[in-house]
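Overview (structure and organization)
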2 protein chains.
Amino acid sequence: MGSVQPLDNSNVDVLIVGAGPAGLMMANWMSRCGVKTRIVDKRGTKIFNGQADGLQCRTLEIFDSFSFGHRAWIESNHMLEICLWNPDPETGVLARGDRIPDTIPGISRFQQVVLHQGRIERFFLDAIKENSVRTGCNGPAGDPSAEIKVEHGVLPTTFKFDESLAEDDEAYPITVELRHLTEEEATPPQKATSANGQGIQDGIFRSNLSVDDTMDMIRLSNTLADKAGSIETVKAKYMLGADGAHSWVRQQLGFKLEGDSTDYIWGVLDVIPITDFPDIRMRCAIHSESSGSVMVIPRENKLVRLYIQLTTTNVEGGGKKFDRSTITPETIIASAQRIMRPYKIDYHYLDWWTAYQIGQRVGNSFSWHERVFLAGDAVHTHSPKAGQGMNVSMQDAYNLGWKVANVVKGLTKRSMLKTYQSERRKIAQDLIDFDHRFSRLFSGRPAKSVIDEAGIDMKTFKDAFEKGNMFASGIAVDYGASMIVAKSGSGKDQGDGTEVLGDENLRVISDSAEKLANKLEVGKRMPSFKILNQADARPWHLQELLKSNGTWRVVVFAGNVRDPSQKKRLDTLGEKLEAADSFLKWCTPAGQKYDSVIELLSCHSAPRQETTIFDFPEVFRPWDDNDGWDYWKVHVDDQSYHEGHGQAYQNYGIDPQRGCSIILRPDQYISWIGEMDDYESMDRFFKGFMIDQRTRQGAKEVVANSKKPGNSKDMYAGTLAGTNGLRTTINGDTKAGDAAVEGTAGM
Amino acid sequence: MGSVQPLDNSNVDVLIVGAGPAGLMMANWMSRCGVKTRIVDKRGTKIFNGQADGLQCRTLEIFDSFSFGHRAWIESNHMLEICLWNPDPETGVLARGDRIPDTIPGISRFQQVVLHQGRIERFFLDAIKENSVRTGCNGPAGDPSAEIKVEHGVLPTTFKFDESLAEDDEAYPITVELRHLTEEEATPPQKATSANGQGIQDGIFRSNLSVDDTMDMIRLSNTLADKAGSIETVKAKYMLGADGAHSWVRQQLGFKLEGDSTDYIWGVLDVIPITDFPDIRMRCAIHSESSGSVMVIPRENKLVRLYIQLTTTNVEGGGKKFDRSTITPETIIASAQRIMRPYKIDYHYLDWWTAYQIGQRVGNSFSWHERVFLAGDAVHTHSPKAGQGMNVSMQDAYNLGWKVANVVKGLTKRSMLKTYQSERRKIAQDLIDFDHRFSRLFSGRPAKSVIDEAGIDMKTFKDAFEKGNMFASGIAVDYGASMIVAKSGSGKDQGDGTEVLGDENLRVISDSAEKLANKLEVGKRMPSFKILNQADARPWHLQELLKSNGTWRVVVFAGNVRDPSQKKRLDTLGEKLEAADSFLKWCTPAGQKYDSVIELLSCHSAPRQETTIFDFPEVFRPWDDNDGWDYWKVHVDDQSYHEGHGQAYQNYGIDPQRGCSIILRPDQYISWIGEMDDYESMDRFFKGFMIDQRTRQGAKEVVANSKKPGNSKDMYAGTLAGTNGLRTTINGDTKAGDAAVEGTAGM
């Protein structure tokens, strides 16, 4: 002990408390965007079995946008079908009553899967390491010291906030003391169980049936302080509390979780099942006549998770806390056996188990001066069966990360950060409403007849399940009107009430969206269909082009560019986009690459084989002195050789003659839809929240020798003429060779 | 220096000389199958730029069978279209004359891609490490010491073979002395070029324009021996020479490469092109009027490889070796500029370059006593433009690896190894014939008119390209009749002449194949279509189920199992397969898992939702005491929720009522097609080359307490009845809990 020295990394842009999925998602964004960041977690380095592990299709889309979606897709168990089992109305014997697809067909290129949370954290850790070294978060780019490392066994103990600095973009208003714990302190005690002489991990310590141990850990830490953990002070511009249901950050801010608990107690077993139940590899909802319900979630590595209603429960006094000593894997499987009769179910191998009490709570606020934010279980808790917890938590941080990164970089006004609470608190409220309805339907017994009002009608249950499926996919999320979602309405009716419209004079509304892209909705994530790269004919899902790297995107559906009048519209748009005062220029700090803040993509509808990228104005395929033309921006909606025809225009409801333009947020949500050549609305939209880099105070990134893309055409012409000179600058020490070289020498 | 000590790993099952793609493929097989192996390479650890890098779709299928296909697919550049450019017949100006798909649509679930060889070697190294530790190749399974490590800078210097031991399965007839080189010795000298002050690597040292440096390295090594590299003696059961065009192993065996060279000299540049040529991101064949040809191969990371015909060449005396000092990147790009006029082409960034002289040669033998084998460039050299070299080399070792592994494990008769030369020497001959025709078409000038007989007619060229595409995909490979390919014919007309039919009394011929599966061909690789797992409805490409792990597979297309007469046929087959004398039993060493030598898979055609795995005899979904039923063997040809209908029966030409059975080799090639219930032919087929494990001499793996699957049903019934007893054996120290547990106690 005492070997942990205070780090000197004491001023950071972002401090993240908690390294679960929400905290890791935030750190991942910061690593991708090159933001100086620390992430601490009071727990030790051990990765525990079990825990929430369903991945919605929207979560997989997000993973894919960070380039590790395939890892989850390959390793996970895919869930395709939900089987609904309940007592046969005539015989009363358990029977399969219905089947529904687990993921609604067509809503995403991914389907819901299940994977151990430890693997998901591994994907994040690998990505954070690779990204942060490459982008140079905490050190020089490319240097190992730049890595954002998760600091385990580190506990925040005091929090101070200087309100006078809250609106100073460059200030560090947050001060936190961090204590470095010992390994013992950082490892939570677990209930002793064993299988084959090996310890079985249980999740009781993280369940809401257990008491909060944070203060115990602080107290323990204090008593050991002089000889054990060291303390350091960190100042931060922004902080995220992603520290779970007992959130220390939330307690510091004095925010509350509002909601209530039920009497329903459920047990969870992760086992390799020994059974003759035929649908054990399907997701199943099993309602017994009177013994409660089981949900079956098939997992990877032959495992199956069973959520099992425990009908015999002891409720303690007023706090409704459960005496956990009466719950064991044996009592839980016995309940399952009663519920699943006449089928037999048992196990040899038990991987993990826990129990929990159903309840739904949501935080009364998610944000403190747009400087300290809460995400994940810190602001919403609910039952795990809907497979929502980890997904919504990660999506909280996914919503927040790019906003904070763009503000830290001085690209975006701080007021845009208000949209975090507006958008995500609304989602949290929707989530607990959903869970409230769903849990009660699930925990009730089936109706014995149409007049059995205390029972749950199985038709109602199926309908709820199917509707719930859309919600549970994560695809239905529809962010309300704000400075970054250009539609009518306000945060009052479409958010949590926070004012997020910004400057009314700059407000843009996509009033022709329904006409121009009648299958798209402003505020929802951009659906994905396959389009082809114009230059090499490769099919890409549109979403594959929308990598999460913090950039906004203007996607120009250019229509039929072989038609002269449409071509003229495109050329006019190109001129405006290429002009010196274009938003592509004023949003981008001098010296940075042309697509580093706003990327211009296009997709036309003319026949691919009759078109080349040279049919597009230069701004759509920009020039780089070293790399030549950019071949990766212009796309086409046409037949592929091996993967069919994506029919993107048709699927988006876009007129293939007229086209349209769409602004996408860095998180793939649709901000604005307008006429293809409506440059003025786009410019006004960006003016609402982006900072003009030409006049930005304190902008230091101006590089004297930066070359404006507008000059590139001439340069290119000169380059091609002077081939020998061009290469001489590279291979200066090689001779020109015996071949005659055309063109003039030198540049 | 001197720090490298002789390893004590001096007796190995397999010694691999050369760690290029062929050697790594062999090592990968060995790692997958748990065979004690060493792999040495005289080169140092540096990975060089450039080198062959096209990946056929068949190669990607193979990578996928080793679980790293997705890595190549994600990182590579995909080639979709070939554009044929030649002088316009009227104007004489270069113009796009035609387009063809780069990979023939429908032949594979992958398409041809391009990726740097260094990345491919990385995938192999990662897989070899993971596999060899897991399977326990060179040490205890799971222990890091079990890893097969590529030993770089290790040169074989002497070779001895004891012919008297050649036919003794357990003997080590091969003795090789290995010398450990210094870093300097192991790093080949390169031509000094530079770009931006950095050294540019060229490939001249590996080109066939350079002289063999192996003997130089041995001589150098000798002079330094006393104070430098150490020497060790290794004995091996089997050896693979995958040591390139100048193969030391081939020289030791006295085998010859037969064939000839041409006068055509080509240069290769890997550059980021600066150009206005519109198809620079397509694969292009560009024929100029009289300046020669260019082939464009777009690569990953913005790179493009240019194969450029050098019209001005100096041919040395009789040996046709080229004076390489007159070839520089400047002379090569100048040629490209002449050929591609009026388009301009140049570069800022040069990644790699080389030059080569076209020639085709094939080894007169690939095998010495079925103990020492040659693969890859050691037995076939040709021009790189067809993108075949690395693919065919890897496929040589892919063909060989599982055969050697199964022989080393005592599962298979040694005589089966004769099929390596029979199958692969035939392919090598086909390859050089193809390359011979293709290269000459490519290097010739376009015909000026129909009566210009010295020129190449562009129609002829396009036809050759299209036909070549099927060959180049690797999918067309059709292995001849042998003891492991049950069709009529012989090695004389379908192989290289080697006798490979084996015992005539055990010969099986798939004489009803055309009737039972009229779109499949015995001897070709099994095509892949999507089918669904019966238990969880997940779609899988059939090939995804055919992982390369050394096991044979019997795939029972069970037809309509809901039809009583078909169900009866299935049950009868099940009884035979489950019987104590079934080939599933006698091929499998006692104590090994039921699917470790021959895996039984099935795919039926009844509606999925009306069927469960319990409709199949137990042998199709075997029982495991710890894991319960095996849910991953029974499949169905039906509609999926999200990925359409694979129509496997229709695509294979199998009658959905009647079905058929198919035996697949461990490398996915079709061995036999017969009636679904023709157990007798299957048994006879395996008798032709498999060793009966019940009578095998020296079989030591018999485990006393192994449980026969045939007993499992009773055990299962007992297990389910005695749930408490079952769990008690696992969680012995936990109490039974307060829940009543049904059933009898104990087992």
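As shown above, the structure is provided for reference.
Attention here is on the structure that accompanies the text. (Residues numbered from 1 in each chain as written. Chains lettered and ligands numbered in written order. Predicted model: local features only at pLDDT ≥ 70, side-chain atom pairs only at ≥ 80, totals over all residues. Heavy atoms only, no water.)

1. Notes on the sheet that holds strand β30 (residues 660-664) of chain B
All names here are of chain B.
- Spatially, β24-β23-β29-β26-β25-β30-β31 is the arrangement adopted by the 7 strands of the open sheet, whose pairing is mixed. This sheet does not close on itself; its edge strands, each paired only once, are β24 (539-541) and β31 (670-674). Within this sheet the neighbouring strands show an average axis-to-axis angle of 30 degrees, counted without direction.
- Where β30 and β31 come together, 4 bridges link them in antiparallel fashion. Across the sheet, Leu664 pairs through a bridge with Ile670, a residue of β31.
- Contacts from helix α14 (residues 564-578) reach β25 (552-559) and β26 (598-604) within the one sheet, and its direction differs from that of β25 by about 155 degrees. (Pairing = 2+ DSSP bridges. Helix = DSSP H or I, 4+ residues; strand = E, 2+ residues; numbered from the N terminus. Axes fitted to C-alpha atoms, helices over the stretch in contact; angles between N-to-C directions. Contact = heavy atoms within 4.5 Å.)

2. Here's the deal with the packing of helix α9 (residues 389-408) of chain B against helix α10 (residues 418-443) of chain B
Residue and element names in this part refer to chain B.
- In contact at an axis separation of 10 Å, α9 and α10 are set at 170 degrees when each is read in the N-to-C sense. Taken as axis vectors, α9 and α10 run roughly antiparallel relative to one another. Counted together, Val392, Gln395, Asp396, Asn399, Leu400 and Lys403 of α9 and Thr419, Tyr420, Glu423, Arg424, Ile427 and Leu431 of α10 form the full contact between these two elements.
- For the contact of α9 with α10, the class distribution of residues is 5 nonpolar, 3 polar and 4 charged. (Parallel < 35°, antiparallel > 145°, perpendicular 65-115°, else oblique. Nonpolar A, V, L, I, M, F, W, Y, C, P; charged D, E, K, R; others polar.)

3. Brief notes about the sheet that holds strand β3 (residues 54-55) of chain A
All names here are of chain A.
- One open sheet accounts for 3 strands, arranged β3-β7-β4; its pairing is antiparallel. Looking at strand neighbours, the two that pair on one side only are β3 and β4 (77-78), the edges of this open sheet.
- Pairing of β4 with strand β7 (residues 113-114), which is carried by 2 bridges, proceeds in the antiparallel orientation. Across the sheet, Asn77 pairs through a bridge with Val114, a residue of β7.

4. A word on α14 of chain B
All names here are of chain B.
- End to end, α14 covers 20 Å across 15 residues, agreeing with the expected 21 Å (1.5 Å per residue, within 8%).
- Buried residues of α14: Gln566, Leu570, Leu573, Gly574 and Leu577, and no others. Looking down the long axis of α14, one finds its buried residues gathered within 105 degrees of arc, a one-sided arrangement. Facing away from the buried side of α14 by over 90 degrees, the exposed positions are Pro564, Ser565, Lys568 and Glu575.
- Residues of α14 that are buried make contact with β25, α15 (583-586), β26 and α17 (679-687). (Expected span 1.5 Å × (residues − 1). Buried < 20%, exposed > 50% of the residue type's maximum accessible area, 1.4 Å probe, protein only. Arc of directions from axis to C-beta.)

5. Remarks on the environment of Ile297 of chain A
Residues and elements named next belong to chain A.
- Its location among the elements puts Ile297 in strand β17 (residues 293-298).
- Residue classification places Ile297 among the buried residues on the basis of a relative accessible area of 7%.
- Distance in space between the C-alpha atoms of Ile297 and Ala285 is 9.2 Å, their sequence separation being 12 residues.
- For Ile297, the contacting residues outside a window of four places in its chain are Met79, Val114, Arg283, Val304, Arg305 and Tyr307.

Honestly, it's all geometry; don't read function into it.
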